[in-house]
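Reading the structure
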Amino acid sequence: MAHSTSTNGKDNLVGSLWMIAAMAAFAIEDALVKDAAQTLPVGQVLALFGLGGMLLFAGMLKFNREPLFIKDVVSLPMRIRIVFEVIGRLFYVLAIAFIPLSTATVILQATPLVVVTGAVLFLGEKVSPVRWLAIFIGLLGVILIVQPGADGFSQLSLLAVIGMIGFAGRDLASRMAPPTIGTARLGFYGFLSVLISGLLYSSWAGEVYRLPSKPELLSIVIATVAGVIAYSCLMKAMRTGEVSAVTPFRYTRLLFGCSLGLLFFGEEFTASMLIGSALIVSSGLFIGWRGKKVVTKGLEVSR
């Protein structure tokens, strides 16, 4: 029994390190995408980013001698996942292009709260009144950051909220995705969604593409590599440690994202943003802790 506990502890530690690496890479991706979108059309940035990620994951599939397409790719959960991925990617990139990176990063941290709410509404999961209270407090944190009705309210902040909802829908659909779709294949079609979102936005906005400069192209290339690394580290984290142990380390993205916003874009933190961040993180950690407690009790009863 002691050996098993020690092994789980080691796996959780390794999984947590993978999760921290994933969040750091995601933050780097966000910062570089924001940097490229300052001068390049947003749709073009998305399209190039999506195409680059597709090529990298396609290379992984070819190296592992796995087919690019299988029947389960067009299953209903995967089709739903692609729709939400397009919404999430498009609106989140628009958000980091037009509002402070730190603000968009903080709002994104509410994704787990929306996932839990969606699981109740669409997957029939049960949530206690205490966890509902935690969800309400977390969403209150989002409202504090967005500040609808206040003098400093920016409608552009709603882009991050819509992006966050899109990512939550993607995560819910991923839970129902067939197990035959591995990390590389899921990544390929995820980046395909990014390419689609870029093309759709460019068509709607009437953007005219141009040849990127070397610095712009370098930002997109490094962002793409960082995105692929982040995605791979995230999958590694979820498959190494216990979900309840590694998931709280998702919030390190808040630290990385806000630090990059402060250092490279000269962003400032307001009191409402700090309080909202605290509410979101606290409620998310509480929900994760309650979930672990329920699972533990269930194991004890089953024995």
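Residues numbered from 1 in each chain as written. Predicted model: local features only at pLDDT ≥ 70, side-chain atom pairs only at ≥ 80, totals over all residues. Heavy atoms only, no water.

Take E85: it is sitting in helix α3 (residues 76-98). The buried category is assigned to E85, whose relative accessible area is 2%. Those residues in contact with E85, other than ones at most four positions away along the chain, are F167, R170, G190 and S193. (Helix = DSSP H or I, 4+ residues; strand = E, 2+ residues; numbered from the N terminus. Buried < 20%, exposed > 50% of the residue type's maximum accessible area, 1.4 Å probe, protein only. Contact = heavy atoms within 4.5 Å.)

Let us now look at the nonpolar core. Among the nonpolar cores identified, the biggest contains 78 residues, and V42, F57, A104, V106, I107 and L234 are the most heavily contacted of them. Considering each element in turn, this core owes the most residues, 11 residues, to helix α1 (residues 2-37). When neighbours within four sequence positions are excluded, V106 is seen to be in contact with I145, L254, C258, M273, S277 and I280. (Core = buried A, V, L, I, M, F, W, Y, C linked by side-chain atoms within 4.5 Å.)

Any region with low pLDDT has predicted coordinates that should not be read closely. In this model, the protein chain carries a mean pLDDT of 85, and residues with pLDDT of at least 70 account for 90%. Within the protein chain, the element-level pLDDT minimum falls on helix α12 (residues 271-302), averaging 67, and the maximum on helix α2 (residues 42-63), averaging 95. Counted against residues more than four places away or in other chains, residues 1-5, with its pLDDT under 50, gives zero contacts. This model gives residues 294-303 a pLDDT under 50, and the stretch forms zero contacts once residues within four places in sequence are excluded. (pLDDT = per-residue confidence, 0-100.)

Where helix α4 (residues 101-108) meets helix α7 (residues 157-176), the axes come as close as 9 Å, and the angle between the chain directions of the two elements is 35°. Handedness of the crossing formed by α4 with α7: right-handed. Residues A104, I107 and L108 of α4 touch α7, and the partners they reach there are S157, A160, V161, M164 and F167. Of the residues contributing to the contact of α4 with α7, the split by class is seven nonpolar, one polar and no charged. (Axes fitted to C-alpha atoms, helices over the stretch in contact; angles between N-to-C directions. Left-handed = near helix turned anticlockwise from the far one by under 90°. Nonpolar A, V, L, I, M, F, W, Y, C, P; charged D, E, K, R; others polar.)

An ideal rise of 1.5 Å per residue puts 33 Å on 23 residues; helix α8 (residues 183-205) measures up with 33 Å between its terminal C-alpha atoms. G206 occupies a position one or two residues after α8 and carries a positive phi of about 65°. (Expected span 1.5 Å × (residues − 1).)

Unusually for a residue other than glycine, R65 sits at a positive phi of about 60°. Residue placement: R65 occurs in the loop between α2 and α3. Since its relative accessible area comes to 79%, R65 is described here as exposed.

This next bit is on the packing of aromatic side chains. Under the defined criterion, the tally for this structure stands at six aromatic pairs. Here the aromatic rings of Y201 and W204 are separated by 5.9 Å at their centres, their planes lie at 40°, and the arrangement is tilted. In this pair, Y201 and W204 are both assigned in helix α8, three residues apart and thus about one turn of the helix distant. Residue W204 is classed as exposed on the basis of its relative accessible area of 71%. An aromatic cluster is built from F49, F57, F191 and Y231, whose rings are joined through pairwise contacts. Above the face of the F265 ring, K34 is positioned so that its terminal group lies 5.5 Å from the ring centre. (Phe/Tyr/Trp six-rings, centres within 6.5 Å; stacked < 30°, edge-to-face > 60°. Lys NZ or Arg CZ within 6 Å of the ring centre and 35° of its normal.)

The contact between α8 and helix α9 (residues 214-240) brings their axes to 11 Å, and the two run at 140°. When the axes of α8 and α9 are compared, the pair comes out oblique. The handedness of the crossing between α8 and α9 comes out as right-handed. Taken together, the residues of α9 that come into contact with α8 (itself represented by T183, L186, G187 and F191) are G227, V228, Y231, M235 and R239. Partitioned by chemical class, the residues of the contact of α8 with α9 number five nonpolar, three polar and one charged. (Parallel < 35°, antiparallel > 145°, perpendicular 65-115°, else oblique.)

By secondary structure assignment, the location of L123 is in helix α5 (residues 111-123). Residue classification places L123 among the partly exposed residues on the basis of a relative accessible area of 33%. Residues L123 and M176, 53 residues apart in the sequence, show an inter-C-alpha distance of 9.5 Å. When sequence neighbours within four positions are dropped, the list of residues in contact with L123 reads G118, L172, R175 and M176.

This paragraph deals with the pattern of salt bridges. With the rule as written, the count across this model stands at eight salt bridges. Across the salt bridge formed by R89 and E29, the nearest N and O atoms sit 3.1 Å from each other. Placement of R89 in helix α3 and of E29 in helix α1 is noted, with a sequence separation of 60 residues between them. Accessibility expressed as a relative area gives 11% for R89, which makes it buried. The partner of R81 in a salt bridge is E85, and the shortest N-O contact between them spans 3.3 Å. In this pair, R81 and E85 both sit in helix α3, four residues apart, roughly one turn of the helix. (Salt bridge = Lys/Arg side-chain N within 4 Å of Asp/Glu carboxyl O.)

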